[in-house]
Amino acid sequence: MRKYFIPAIIASSLFLAACGDSKDEKPFIELPADNKPANQSGSVQVTERTYKIELEAPTAGYSIKIDSVWVVGEEIWVISKLTVPEGMAAQVITPISDEVKLTLPDISPEYYVIGKKIGPDMEGVTFIDSQADIQAKLDIGEQVWPKQ
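Residues numbered from 1 in each chain as written. Predicted model: local features only at pLDDT ≥ 70, side-chain atom pairs only at ≥ 80, totals over all residues. Heavy atoms only, no water.

### Comments concerning unusual backbone geometry
Pro146 follows Trp145 through a cis peptide bond whose omega is -20 degrees. Relative to the helices and strands, Pro146 resides in the segment after β7 (142-145). (Helix = DSSP H or I, 4+ residues; strand = E, 2+ residues; numbered from the N terminus.)

In structure tokens, the structure reads:
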């Protein structure tokens, strides 16, 4: 019976999200105030964890920076910006990364990188042209870092 609980919750939340058309909807994950663990029963269990984006760049001039972290429905989205080098740079595969520590529910995040795709496909990492590509979902989510 337990194995059906999570899929039932996900299906219910997707149904409610599809039925509602209000831009004022709150995320499915209800975060404790200030993203701190609450001792009240029924609250979301949160832990401090590191959200880290790691990519392999074709040259040493690339860099990546986490721009924001969002709770969207039952997911945590980490949005990063990829900076492309100007001019010539040595062509050597270079690891690039950025990280942020936050106290959030222990859910595997989805990473969105704004910029041209580099390196091999990575599970959980999606390259997008601009934040506008996902803005409709962000509008019903909640930005949790940096706080607005």
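### Here's the deal with the side chain of Thr94
Of note, Thr94 is situated in strand β4 (residues 94-105). Given a relative accessible area of 18%, Thr94 falls into the buried group. Among the polar contacts made by the side chain of Thr94, one reaches the main-chain carbonyl oxygen of Val92 at a distance of 2.8 Å. Look past the residues within four positions of Thr94 in its chain and what remains in contact with it is Leu55, Glu56, Ala57, Thr59 and Ala60. (Buried < 20%, exposed > 50% of the residue type's maximum accessible area, 1.4 Å probe, protein only. Polar contact = N/O pair within 3.5 Å; in protein donor to acceptor, adjacent residues only side chain to side chain. Contact = heavy atoms within 4.5 Å.)

### What about the confidence of the model for the chain?
Averaged over every residue, the pLDDT of the chain is 80; the share at 70 or more is 70%. Mean pLDDT values for the elements of the chain range from 46 in helix α1 (residues 5-19) up to 98 in strand β5 (residues 110-114). Below a pLDDT of 50 lies the segment residues 1-27, which in the model reaches 15 contacts outside its immediate sequence neighbourhood of four places, other chains included. In the model, residues 35-41 has pLDDT below 50 throughout and makes nine contacts with residues more than four positions away in sequence or in other chains. (pLDDT = per-residue confidence, 0-100.)

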